[in-house]
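Fold and geometry: a report
Spelled out from the first residue to the last, the chains are:
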Amino acid sequence: LATSLRWLVRRSNPSITDTMFGGLAKAASEAMDGGETPEFDPAEAETEINGMAEKAESEGGKEDLVAKLKAAATNPKIQGAVMDVKNNGVAAASKYASDAEVMGILKGCFM
């Protein structure tokens, strides 16, 4: 995620340095209540994730993502992260950067 965000920020403004980017990422993380996943409705999250799986399946060529989404639709950790990013934007994904399982799903769906 950090690499994706760094690329996006630099593409929009090449004068931004890694030091500046680190500060922006830290500020975004701190602004999101220290990395806590907000409360969510598990049934709504499962419906949302299954919808993402259907969309990815209809686009074709995303079999790996579809399988991950279907397997994770009832996983509370994945549900919380997906709903957090859906409701709070891609910047919310930074709090999950250290979790490879969550990031694999978020990157496939939102980035």
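Let me begin by describing the structure that accompanies this report. As the structure is a computational prediction, the values presented were derived from the model and not from experiment. (Residues numbered from 1 in each chain as written. Predicted model: local features only at pLDDT ≥ 70, side-chain atom pairs only at ≥ 80, totals over all residues. Heavy atoms only, no water.)

**What to know about the pattern of salt bridges**
- Throughout the structure, instances matching the rule amount to eight salt bridges.
- Note that Glu59 is salt-bridged to Lys55, the shortest N-O span being 3.7 Å. Placement of the pair is Glu59 and Lys55 together in helix H3 (residues 42-59), with a separation of four residues, close to one helical turn.
- For Glu59, a relative accessible area of 41% corresponds to the partly exposed category.
- Relative accessible area serves as the criterion here: at 54%, Lys55 is assigned to the exposed category.
- The salt bridge partner of Glu59 is Lys62, with a shortest N-O separation of 2.5 Å.
- In the salt-bridge network here, residues are joined through shared partners; they are Lys55, Glu59 and Lys62. (Salt bridge = Lys/Arg side-chain N within 4 Å of Asp/Glu carboxyl O. Helix = DSSP H or I, 4+ residues; strand = E, 2+ residues; numbered from the N terminus. Buried < 20%, exposed > 50% of the residue type's maximum accessible area, 1.4 Å probe, protein only.)

**With respect to the packing of helix H5 (residues 76-88) against helix H6 (residues 100-110)**
- In contact at an axis separation of 10 Å, H5 and H6 are set at 40° when each is read in the N-to-C sense. Relative to H6, the element H5 is oriented oblique. Crossing geometry of H5 relative to H6 is assigned as right-handed. Contacts between H5 and H6 involve Lys77, Ile78, Ala81, Val82, Val85 and Lys86 from the first element and Glu101, Val102, Ile105, Leu106 and Phe110 from the second.
- Of the residues that constitute the contact of H5 with H6, the class distribution is eight nonpolar, no polar and three charged. (Axes fitted to C-alpha atoms, helices over the stretch in contact; angles between N-to-C directions. Parallel < 35°, antiparallel > 145°, perpendicular 65-115°, else oblique. Left-handed = near helix turned anticlockwise from the far one by under 90°. Contact = heavy atoms within 4.5 Å. Nonpolar A, V, L, I, M, F, W, Y, C, P; charged D, E, K, R; others polar.)

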